[in-house]
Amino acid sequence: MVVENMRMLRLMEENRDTTMVDEDDETKTIKKVLNEGLIEPIKLVVGFALTSKKRKSFLQPKFEGLARLKGIVFVAIDQDKPLSEQGPFDIVLHKLSGKDWQQVLEDYRQTHPEVTVLDPPDAIKHLHNRQSMLQVVADLNLSDTYGNVNVPQQLVIKKDASSIALKVAKERLRLPLVAKPLVSDGSAKSHELSLAYDQYSLQKLEPPLVLQEFVNHGGVLFKVFIVGEAIKVVRRFSLPNVSKRQLSRTSGVYRFPRVSCAVASADDADLDPDVAGKDSK
Ligand SMILES: Nc1ncnc2c1ncn2[C@@H]1O[C@H](COP(=O)(O)OP(=O)(O)OP(=O)(O)O)[C@@H](O)[C@H]1O
Ligand SMILES: O=P(O)(O)O[C@H]1[C@H](O)[C@H](O)[C@H](OP(=O)(O)O)[C@@H](OP(=O)(O)O)[C@@H]1O
């Protein structure tokens, strides 16, 4: 078992690049725990293909170390080498877009049906577009005694910014409107959102985009992460409500930052119970 684990350590070291944390410390820790027989034998090898930014935000040393204790190792996929010549992997985890990479995955799935690809291109293509991404939610038509789950009234504008005001009036969308890039590919540009307060300013927007009615939600949103049967709900600070008075006194289009990302946690914040609910922890 130790020989197997040492082989995996060597594979990890061969595949690790300089962007990882100080591998000597990490390898020493794993070897120490290995030799003490406290670590689970390797059960799963996860090949990952992520941008360097995503790798830094996702594959945190603590997470990687915890996974290793459970017998799970993460090995970087070299995107410059044939995928079939790497591994062997039990799982291929990726968050890359592009037709070339999608083809690499499709070919690999044909020759390696035993490997779980997370996720196959055809399972995630609807997430690369903010219209199709939300259509799934709208189609669920979820409602129960607590209310219903829906999507804001929205309008897709593929081109011609000069026609936006007319289309918005025709669809009777109420201002203010949140403008989101139609493409949601994980790029920084795909997260550049704006708030439009008046009809005249709509022509300043840059299609292709989705326009959504701004939904007042008390400045708090709930992010629900679901993996299989596991569900995790977190509370995040969000954009504040826009009152009718504020709307009447504001004009223009304003870009806003990524207000609800991980650092904007509201889990421990004292929030208005009318917004976040008394037992929403
Ligand atoms: N229709 C809306 N009404 C009110 N606020 C909204 C609306 N859509 C988005 N927002 C606000 O904009 C923020 C970002 O929206 P969204 O999650 O759609 O963009 P995103 O770029 O995918 O965000 P991220 O990837 O950082 O979660 C939300 O956290 C929320 O604060
Ligand atoms: O609430 P968080 O910070 O988890 O929001 C995530 C978001 O859910 C997506 O996973 C983003 O990934 P991309 O769509 O690929 O950009 C994350 O962006 P990142 O740039 O931080 O990886 C958000 O953090």
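Since we're looking at a predicted model, the values are computed, not measured.

The next point concerns the site of ligand 1. Close to ligand 1 lie 19 residues, the nearest being Lys180, His191, Lys223, Ser238 and Ser260. Arg130 places a polar side-chain atom, nitrogen or oxygen, 3.1 Å from an oxygen atom of ligand 1. Take Val215: an N or O atom from its main chain is 2.9 Å from a nitrogen atom of ligand 1. At the level of elements, strand 8 (177-181), strand 10 (209-213) and strand 11 (220-227) are the ones that each hand at least two residues to the shell around ligand 1.

With respect to topology, 4 strands assemble into an open sheet ordered 2-1-3-4, the strand pairing being parallel. Looking at which strands have only one partner, the edges of the open sheet turn out to be strand 2 (72-76) and strand 4 (116-118). Direction aside, the axes of adjacent strands within the sheet are offset by 25° on average. Where strand 1 (residues 44-49) lies against strand 2, 5 bridges are found, and the strand directions are parallel. Residue pairing across strands places Leu44 opposite Ile72, the latter belonging to strand 2.

Turning our attention to helix 7 (residues 130-140). One side-chain oxygen at the N-terminal end of helix 7 lies 2.5 Å from the backbone nitrogen of Gln131; it belongs to Asn129. With its phi angle positive at about 50°, Asn141 sits one or two positions after the end of helix 7.

This part covers the site of ligand 2. Taken together, 13 residues lie around ligand 2, and Lys53, Lys54, His191, Lys223 and Arg236 are the ones closest in. Between ligand 2 and the protein, one listed contact pairs an oxygen atom with a side-chain N or O atom of Arg236 at 2.4 Å. Within the contact set of ligand 2, an oxygen atom lies 3.0 Å away from a side-chain nitrogen or oxygen of Arg258. Compared with its free state, where it exposes 490 Å², ligand 2 has 73% of that area covered by protein. Of all the secondary-structure elements, those providing two or more residues to the shell around ligand 2 are helix 3 (52-58) and strand 11. The element best represented in the shell around ligand 2 is helix 3, accounting for 3 residues. Class assignment of the residues belonging to the shell around ligand 2 gives a composition of 3 nonpolar, 4 polar and 6 charged. In this structure, the shell around ligand 2 is formed jointly by two domains, domain 1 (2-125) and domain 2 (129-277), each of which donates at least three residues.

A few words now on a positive patch on the surface. Taken together, the side chains of Lys53, Lys54, Lys95, Lys223 and Arg258 make up a positively charged region of the molecular surface. The class of Lys95 is exposed, set by a relative accessible area of 54%.

The next thing to look at is the UniProt feature "domain: Inositol-tetrakisphosphate 1-kinase N-terminal" (unreviewed entry) in the chain. The feature "domain: Inositol-tetrakisphosphate 1-kinase N-terminal" (unreviewed entry), as annotated in UniProt, sits at residues 45-124 in this numbering. Split by type, residues 45-124 is 41% helix and 21% strand. Its first and last C-alpha atoms lie 22 Å apart.

Below, the discussion takes up the pairing of strand 7 (residues 154-157). Residues Leu155 and Ile157 line the buried face of strand 7, whereas the alternating positions Gln154 and Val156 sit on a face that is not buried. Relative to strand 10, strand 7 runs antiparallel, the two being bridged by 4 bridges. Bridging from a neighbouring strand, Val156 pairs with Val210 of strand 10.

A few words on helix 5 (residues 99-111). Counted at 1.5 Å a residue, the expected span for helix 5 with its 13 residues is 18 Å, and the 19 Å between its end C-alpha atoms agrees. Of the positions making up helix 5, those classed as buried are Trp101, Leu105 and Tyr108. Viewed along the axis of helix 5, the buried residues span an arc of 65°, placing them on a single side of the element. In helix 5, the exposed residues that point more than 90 degrees away from the buried face are Lys99, Asp100, Gln110 and Thr111. The inward-facing, buried residues of helix 5 abut strand 1, strand 3 (91-94), strand 4 and helix 6 (121-124).

Alternating residues of strand 9 (residues 193-196) divide into Leu193 and Leu195 and Ser194 and Ala196, and every residue in both groups is buried. In this structure, strand 8 lies alongside strand 9, joined through 3 bridges in antiparallel fashion. By the bridge assignment for strand 9, Ala179 is matched with Ser194. Across 4 bridges, the pairing between strand 9 and strand 13 (residues 253-256) is antiparallel. In the sheet register, Ser194 faces strand 13, and the bridge partner there is Arg255.

Cut-offs used in this document
Residues numbered from 1 in each chain as written. Chains lettered and ligands numbered in written order. Predicted model: local features only at pLDDT ≥ 70, side-chain atom pairs only at ≥ 80, totals over all residues. Heavy atoms only, no water. Near = heavy atom within 4 Å. Polar contact = N/O pair within 3.5 Å; in protein donor to acceptor, adjacent residues only side chain to side chain. Helix = DSSP H or I, 4+ residues; strand = E, 2+ residues; numbered from the N terminus. Pairing = 2+ DSSP bridges. Axes fitted to C-alpha atoms, helices over the stretch in contact; angles between N-to-C directions. Areas by Shrake-Rupley, 256 points an atom, 1.4 Å probe, with all protein chains shown as cover. Nonpolar A, V, L, I, M, F, W, Y, C, P; charged D, E, K, R; others polar. Domains from an automatic or database assignment. Patch = residues over 30% accessible without salt bridge, like charges linked within 9 Å, V, L, I, M, F, W, Y side chains within 5 Å. Salt bridge = Lys/Arg side-chain N within 4 Å of Asp/Glu carboxyl O. Lys, Arg positive; Asp, Glu negative; His and termini not counted. Charge placed at Lys NZ, Arg CZ, Asp CG, Glu CD. Buried < 20%, exposed > 50% of the residue type's maximum accessible area, 1.4 Å probe, protein only. UniProt positions renumbered as here; feature names shortened; annotations may be inferred. Expected span 1.5 Å × (residues − 1). Arc of directions from axis to C-beta. Contact = heavy atoms within 4.5 Å.

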